[in-house]
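Analysis of the macromolecular model
Letter by letter, the chains look like this.
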Amino acid sequence: MSTNSNTANVVLTDNAEGMSYLNRLPRRVVMLYLPMAVFVFVLLFPFYWMAITAVKPNEQLTDYSNYSPFWVVGPTLDHIKYLFFETSYPGWMWNTILVAVCSTFLSLVASVFGAYAIERVRFTGSRSIGLVIFLAYLVPPSILFIPLAFIVFKLGIYDSRLALIFTYPTFLIPFCTWLLMGYFRSIPFELEESALVDGANRWQILTKIILPLAVPGLISAGISPSPCLGTSSSTP
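Residues numbered from 1 in each chain as written. Predicted model: local features only at pLDDT ≥ 70, side-chain atom pairs only at ≥ 80, totals over all residues. Heavy atoms only, no water.

**Some thoughts on the overall build of the chain**
Looking only at helices and strands, one finds 12 helices and zero strands in the chain. For the chain, the sequential pattern of α-helices and β-strands runs α-α-α-α-α-α-α-α-α-α-α-α. Within the chain, the proportion of its 236 residues that are buried is 25%. Contacts spanning at least 24 positions in sequence make up 64% of the contacts within the chain whose residues lie at least 6 apart. Looking at the chain as shown, the accessible area adds up to about 16,100 Å², and 71% of this sits on carbon and sulfur atoms. (Helix = DSSP H or I, 4+ residues; strand = E, 2+ residues; numbered from the N terminus. Buried < 20%, exposed > 50% of the residue type's maximum accessible area, 1.4 Å probe, protein only. Contact = heavy atoms within 4.5 Å. Areas by Shrake-Rupley, 256 points an atom, 1.4 Å probe, with all protein chains shown as cover.)

**Quick look at the nonpolar core**
The tendency in soluble globular proteins is for nonpolar side chains to be buried as a group. Membership of the largest hydrophobic core comes to 14 residues, with the highest contact counts inside it found for Tyr 116, Phe 184 and Ile 210. Every element with two or more residues in this core is listed here: helix H5 (89-121), helix H9 (169-186) and helix H11 (202-213). (Core = buried A, V, L, I, M, F, W, Y, C linked by side-chain atoms within 4.5 Å.)

**Considering the packing of helix H6 (residues 126-137) against H9**
Two packed helices can be described by the angle between their axes and the distance between those axes. One can describe the packing of H6 onto H9 by two numbers: an axis separation of 8 Å at closest approach and a directional angle of 135 degrees. One way to sum up the angle between H6 and H9 is to call them oblique. Note on packing geometry: the crossing formed by H6 with H9 is left-handed. Here Arg 127, Gly 130, Ile 133, Phe 134, Ala 136 and Tyr 137 of H6 come into contact with H9, specifically with Phe 171, Pro 174, Phe 175, Thr 177, Trp 178, Met 181 and Arg 185. (Axes fitted to C-alpha atoms, helices over the stretch in contact; angles between N-to-C directions. Parallel < 35°, antiparallel > 145°, perpendicular 65-115°, else oblique. Left-handed = near helix turned anticlockwise from the far one by under 90°.)

**Digging into the confidence of the model for the chain**
Predicted coordinates in regions of low pLDDT should not be interpreted in detail. With 86% of its residues at a pLDDT of at least 70, the chain reaches an overall mean of 81. Per-element confidence in the chain ranges from a low mean pLDDT of 47 for helix H1 (residues 2-16) to a high of 91 for helix H4 (residues 78-85). Counted against residues more than four places away or in other chains, residues 5-16, with its pLDDT under 50, gives zero contacts. Low pLDDT, under 50, characterises residues 227-236; the predicted model gives this stretch 26 contacts beyond four residues in sequence or across chains. (pLDDT = per-residue confidence, 0-100.)

**Considerations on a nonpolar patch on the surface**
Residues Leu 25, Val 29, Val 30, Met 31, Leu 32, Tyr 33, Leu 34, Val 38, Phe 41 and Val 42 make up a contiguous nonpolar surface patch of about 960 Å² in total accessible area. Here Met 31 shows up in helix H2 (residues 25-54). Accessibility expressed as a relative area gives 47% for Met 31, which makes it partly exposed. (Patch = residues over 30% accessible without salt bridge, like charges linked within 9 Å, V, L, I, M, F, W, Y side chains within 5 Å. Salt bridge = Lys/Arg side-chain N within 4 Å of Asp/Glu carboxyl O.)

Okay, here's the thing in structure tokens:
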């Protein structure tokens, strides 16, 4: 009995001393503060560079012999004024935002229904359909350009925002569905069964139980890399 007690005391003492080597300031500086400072610098320096470049006068952008590249003397807002009021950038930005928001919304709606049906309804062949959706995500988008262009021409929406809004979900839905399937799979079935016993229908279960618990998955699917984020359509 005493041997077990001594062993437990040793284990507790060892665990308590796990970070004791950082008690000294030099070690904390080398092991914590210095790596953290390097990480923060590398992370934030591009944003700092973009900010000072945006407000630099033209002569300071290339004249590094008379001006420091890391600082700005006499900042100006002429570049920002030119960008927003003398170019078509606001229209391009609006097109990109509109296409991104609409295509993401359509993709999330379709993915929620698809992932819920595959993971929670448990119909025959649901696993095979889930695998097919994953394989569809692996198809290179370049292969779909010709058939998608043909459909767009047939629908008469060529050179419009609708063409992009209806095209991008074909790339996003397989990924979002596969992602949400994993989140829906982690939700206990007992919650859904209890709701069914209490008289809830499938729509109520989806909107009041599944979706609130799958908010992290919805956020991850909504901010996932999207082909439309790099779009700057010049469509009026």
